[in-house]
Amino acid sequence: NAGVTQTPKFRILKIGQSMTLQCAQDMNHNYMYWYRQDPGMGLKLIYYSVGAGITDKGEVPNGYNVSRSTTEDFPLRLELAAPSQTSVYFCASSYSNRLAGTYEQYFGPGTRLTVT
Amino acid sequence: AQSVTQLDSQVPVFEEAPVELRCNYSSSVSVYLFWYVQYPNQGLQLLLKYLSGSTLVESINGFEAEFNKSQTSFHLRKPSVHISDTAEYFCAVSGDYGGSQGNLIFGKGTKLSVKP
């Protein structure tokens, strides 16, 4: 298993440009998440999805959009990039059901984004 | 609402010394607790977790953490650290943000620096 994969690893955007961060998992996990990590601030949840076709906002969703058309993929879209979106972005996935609950998340290697 | 406080942002120690990374959480419901480790320029990896049962949990590389419900703590300890333990460590608690039991609330991280 490749686990959780993210592309690209690095990207530099100009203010106002758009881009999509790709995330895929091959563990058949139903839950997927997008976080951003800023120095000294831990991880902040941007959006999450509990299954294909279902997404919801996390703590810091402004300026981002997501979609979940398949179980495997969970892309994150930045429409009008701003310097405040300079960060490291992590995608994660986990498995949940009524009996097992929802436990550990598995993380991708991250995408380092700079907006100038 | 749940929250996680990591009391030390940086912990410098000498090789072979013991270390404790402190984590306190607040929650009005039963929780699952996790420690993740992040090596430089990598994603987060699960180090250990508490779901239920024994309050002392161990990792394969010598770390242990103890769930203390009365003190709402989940401190991470290692009796003798190695240079390779240098990393950032994140404490996390399962949250019900937005109604999803799968979401994690992260602390801001503790950077462990092991010196020779």
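Owing to the predicted nature of the structure, the values given are computational and were not obtained by experimental measurement.

### Describing the nonpolar core
The biggest cluster of nonpolar side chains holds 27 residues, and the ones touching the most others in it are B:Leu33, B:Trp35, B:Leu47, B:Leu48, B:Phe74, B:Leu76 and B:Tyr89. Here the element with the most residues in this core is strand β10 (residues 87-94) of chain B; it accounts for four residues. Setting aside residues no more than four positions away along its own chain, B:Tyr89 makes contact with B:Gln6, B:Leu21, B:Trp35, B:Tyr36, B:Val37, B:Leu47, B:Phe63, B:Leu76, B:Gly109, B:Thr110 and B:Leu112. With 19 residues, the next largest nonpolar core counts A:Met32, A:Ile46, A:Tyr64 and A:Tyr89 among its residues.

### Overview of the packing of aromatic side chains
This model, assessed by the stated rule, comprises twelve aromatic pairs over all chains. Between A:Tyr35 and A:Phe107, the aromatic rings sit 5.7 Å apart at their centres with planes inclined by 35 degrees, giving tilted as the arrangement. Of this pair, A:Tyr35 sits in strand β4 (residues 31-37) while A:Phe107 sits in strand β12 (residues 106-107); the two residues are 72 residues apart in sequence, bridging distant segments of the chain. Since its relative accessible area comes to 0%, A:Tyr35 is described here as buried. A connected cluster of aromatic rings, assembled from ring pairs, spans A:Tyr31, A:Tyr33, A:Tyr35, A:Phe107, B:Phe34, B:Tyr36 and B:Phe106. Looking at A:Arg68, its charged tip hangs above the ring of A:Phe74, at a distance of 6.0 Å from the centre.

### Quick look at the interface of chain B and chain A
Taken together, the 23 residues of chain B in the interface contact 27 residues of chain A. Counting each side, the surface lost to burial between chain B and chain A is near 1900 Å², with a carbon and sulfur contribution of 55%. Summed over the shared surface of chain B and chain A, the result is one salt bridge. Note that B:Lys49 and A:Glu104 form a salt bridge whose closest N and O atoms lie 2.9 Å from each other. Linking chain B to chain A there are three residue pairs in polar contact (both at pLDDT 80 or more). When its residues are assigned to classes, the side of chain B that touches chain A shows ten nonpolar, ten polar and three charged.

What counts and what doesn't
- Residues numbered from 1 in each chain as written.
- Chains lettered and ligands numbered in written order.
- Predicted model: local features only at pLDDT ≥ 70, side-chain atom pairs only at ≥ 80, totals over all residues.
- Heavy atoms only, no water.
- Core = buried A, V, L, I, M, F, W, Y, C linked by side-chain atoms within 4.5 Å.
- Buried < 20%, exposed > 50% of the residue type's maximum accessible area, 1.4 Å probe, protein only.
- Helix = DSSP H or I, 4+ residues; strand = E, 2+ residues; numbered from the N terminus.
- Contact = heavy atoms within 4.5 Å.
- Phe/Tyr/Trp six-rings, centres within 6.5 Å; stacked < 30°, edge-to-face > 60°.
- Lys NZ or Arg CZ within 6 Å of the ring centre and 35° of its normal.
- Buried area = accessible area lost by both parts, 1.4 Å probe.
- Salt bridge = Lys/Arg side-chain N within 4 Å of Asp/Glu carboxyl O.
- Polar contact = N/O pair within 3.5 Å; in protein donor to acceptor, adjacent residues only side chain to side chain.
- Nonpolar A, V, L, I, M, F, W, Y, C, P; charged D, E, K, R; others polar.

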